[in-house]
Amino acid sequence: METSRLPLSSSIRGKLISAGYTSLSSISSVSSTDLARDVKITESEAFEILKMANQISGSSSCNGRSSSLVNGARNAWDMLNEEEALPRITTSCSDLDKILGGGISCRDVTEIGGVPGIGKTQIGIQLSVNVQIPREFGGLGGKAIYIDTEGSFMVERALQIAQACVEDMEEYTGYMHKHFKASQVQMKPRDILENIFYFRVCSYTEQIALVNHLDKFISENKDVKVVIVDSITFHFRQDFDDLAQRTRVLSEMALKFMKLAKKFSLAVVLLNQVTTKYTEGSFQLALALGDSWSHSCTNRVILYWNGDERYAYIDKSPSLPSASASYTVTGRGLRNSSSSSKRVKMM
Amino acid sequence: MNIEYRYEFQILLHLEYARQLTTGCETLDECLRGGFPCDSLTEIVAESGCGKTQLCLQLSLCAQLPISNGGLDGSALYLHSEFPFPFRRLHQLSRSFHLSNPSIYADHNDNPCDHVFIQNVHSVDHLFDVMSKIESFVTNSKTRLPLKLIVLDSVAALFRSEFENTPSDLRKRASCFFKISGKLKQLANKFGLAVVITNQVTDFVESSDGLSGLRIGNLRCLYSSGRRVVPALGLAWANCVNSRVFISRSDDIVCQERRDDDESGSSLVSGRARRRLDIVFSPHLPPSSCEFMITRDGICGVRFFLREMGCSKSVYNHAINFIPQAIAFCMNPIHLVIAISFVVDLVRFSHISLTSSNLCGGRTRYGVVFFPALSGELLV
């Protein structure tokens, strides 16, 4: 028992062990206040224990690969392995998945922006359905939170996409029946809709309150694997005279999303509008909310029209090369623009 | 902190789909999948004289229909900023509405006009003022039917004069858009209202920065009366609405011929322009379109109209003669499909046979069109 190596009085040691603190790592991961409360000792005593525990664990494993002087630091190799193991949420459009490196990545905040009618809401609904594709089919088997600020979420459309998704899975089991005899498609479109938690917010105060509440909500619903905000912008384009304040509020919100994404390893997808930006005497198209906001998302995808086809373009990503791909919005949801490959890419 | 959230299935079980407000016309409803949705903001874009106001007046009346008939069992609030308000036309429509739906008013001593509230709006500030009073109006109103529809006709008229074309004014204007839309969406969500807003168009002007031609929605560019137009108020406003439909009118006349050999002797027959409704964008509708025209009794789909009127054979014969032109006029395959389905309808209802001469002009840029659905009829 590691705790016994600490130079402590036997009474305190006994209290520690009976409170469940048997290993050094379990001690060093809590704060002194928590420790004091759990073990029923004074805070200064707890602080001393923490100091000792950190010293000992630091010296005993300084040659180990996973050593860390600062709590929580990891090396890049572990992170890479972890990241590659993370599942991605397919968009149902394999061309789009390809440029996204397999889909929308979990643990990241992805911003998707485009002109009205380009299909932002469609992508949002599609993702909230696709996140529920079971693991046997290469999905995440998670749930979705859909935060609707614009009122564009239509249940009948979600149902259409969910039906198409279930049909695609059934077709897929048809092809692979030798391997997946046991795993018949259990999901019904109704189940899919049941697992989308829908919030309608009507003002920016509600939006801020909801984002603050999300941490608690997701702790209670651990299966949530994607949070979609459609759109992050809408309430912040009205009634803000003080733009500096808006920037502060927004960056605080962005930090919260970032934290959620890391803590629960879920994907956060923020849909954004476009606006015209007045630079050097002419108007340019740009995503809304200004320059400082553009730093707050890890990935940024811009949707645009190219002739009669819809295109997605990776504007910013730390890990992906910038590329563009076409997609279409069909009755069954997002698909490749060439009509030949209609089936969802599952694996 | 009390944050309400709803599970999807609760919506499904209790409300089914978002309730829709019928337009009172089969063809339009089919195109809109049931009509204008509640808890949503729909914009009607059209140049003047296309029937925006007609459609809005008709919606205000249709809101009173019982839910089983596609209405909302509610009253309408009509905010108008374009003067004068067409009271006579509303009265005319309400009379025929009353005649066709007498049962709604049978038990009560009222008529359709009692459930359409009219409020004029003459500036943006006035609109804010009015909007802040709507909530208490809804909760305190003593009327038989609850408020279920808000019409704002039109939003463009409020902004056309008040703001300059400078960046700071444009920013202020955009902030107003979002404020209006935010407030209306809030009301729509709280009381389950359908909100319909009309917007004007401006002529498309090619400019150096290239943003005026920015494509928004399903149609690459919008044409009305043969001119290229763009919806007024620009990109910022386009972000504020959930769905946008575009009404255009073409100068060809639907049934002018009836004047020469009018058999029914009705007085309805003056040159009636064909109007067309396109879905520009909408979260729940595929790109589609339909055609309609405006009669004394309101808006009526072209297909429905021909069927209802029980047109004489000569009218059909005239119509058939236009098919080659109509098909050659088709700009894209979607229009072609619509044209073909129209022809199929026409033939089915009139029981007349197409001759090969009717079809020889069916040559389009997509090749010769065949009518497989009509092969039976063609053999006659």
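Residues numbered from 1 in each chain as written. Chains lettered and ligands numbered in written order. Predicted model: local features only at pLDDT ≥ 70, side-chain atom pairs only at ≥ 80, totals over all residues.

1. Things to note about the overall build of chain A
1) Next: A count of helical and extended segments in chain A gives 12 helices and 13 strands.
2) Next: Every one of the 347 residues in chain A was classed for burial, and the buried ones make up 43%.
3) Next: Pairs at least 24 residues apart make up 65% of the contacts formed inside chain A by residues separated by at least 6 positions. (Helix = DSSP H or I, 4+ residues; strand = E, 2+ residues; numbered from the N terminus. Buried ≥ 20, exposed ≤ 12 C-beta atoms within 10 Å, placed from the backbone. Contact = placed C-beta atoms within 7 Å.)

2. Things to note about the domain arrangement of chain A
1) Next: According to the domain assignment, chain A consists of domain 1 (8-60) and domain 2 (79-335).
2) Next: One C-alpha centre belongs to domain 1 of chain A, the other to domain 2 of chain A; they are set 43 Å apart. (Domains from an automatic or database assignment.)

3. Notes on the interface of chain A and chain B
1) Next: In this assembly, 40 residues from chain A lie in contact with 42 residues from chain B.
2) Next: Elements supplying a minimum of two residues to the side of chain A that touches chain B: α8 (155-175), α9 (189-194), β5 (196-200), α10 (204-220), β8 (274-279) and β9 (282-287) of chain A.
3) Next: Broken down by element, the side of chain A that touches chain B gets its largest block of residues, 5 residues, from β5(A).
4) Next: Among the residues forming the side of chain A that touches chain B, the class breakdown is 18 nonpolar, 13 polar and 9 charged. (Nonpolar A, V, L, I, M, F, W, Y, C, P; charged D, E, K, R; others polar.)

4. Remarks on the sheet that holds strand β9 (residues 201-203) of chain B
All names here are of chain B.
1) Next: Across the sheet, 3 strands lie side by side as β9-β11-β10; this open sheet has antiparallel pairing. If you trace the sheet from one side to the other, it starts and ends with β9 and β10 (222-224), each paired once. With strand direction ignored, the average angle separating the axes of adjacent strands in the sheet is 55 degrees.
2) Next: Pairing of β9 with strand β11 (residues 227-231), which is carried by 3 bridges, proceeds in the antiparallel orientation. Opposite D203, over in β11, you have V229 as the bridge partner. (Pairing = 2+ DSSP bridges. Axes fitted to C-alpha atoms, helices over the stretch in contact; angles between N-to-C directions.)

5. A word on the packing of helix α7 (residues 120-130) of chain A against α8(A)
Any two packed helices are characterised by the angle at which their axes cross and by the distance between the axes.
Residue and element names in this part refer to chain A.
1) Next: Between α7 and α8, the least distance of the axes is 10 Å, while the angle of their chain directions is 45 degrees. Relative to α8, the element α7 lies oblique. Where α7 crosses over α8, the handedness of that crossing is right-handed. The segment α7 lies against α8, with I125, Q126, V129 and N130 engaging R157, A158, I161, A162 and C165. (Parallel < 35°, antiparallel > 145°, perpendicular 65-115°, else oblique. Left-handed = near helix turned anticlockwise from the far one by under 90°.)

6. Some points on the confidence of the model for chain B
All names here are of chain B.
1) Next: Per-residue confidence for chain B gives a mean pLDDT of 76, with 67% of residues at or over 70.
2) Next: When the elements of chain B are averaged for pLDDT, helix α14 (residues 375-378) gives the smallest value, 39, and strand β8 (residues 194-199) the largest, 95.
3) Next: Throughout residues 355-380 the model reports pLDDT below 50, and contacts reaching past four residues in sequence, or to other chains, amount to 34 contacts.
4) Next: Note on the complex model: pTM 0.75, ipTM 0.74. (pLDDT = per-residue confidence, 0-100.)

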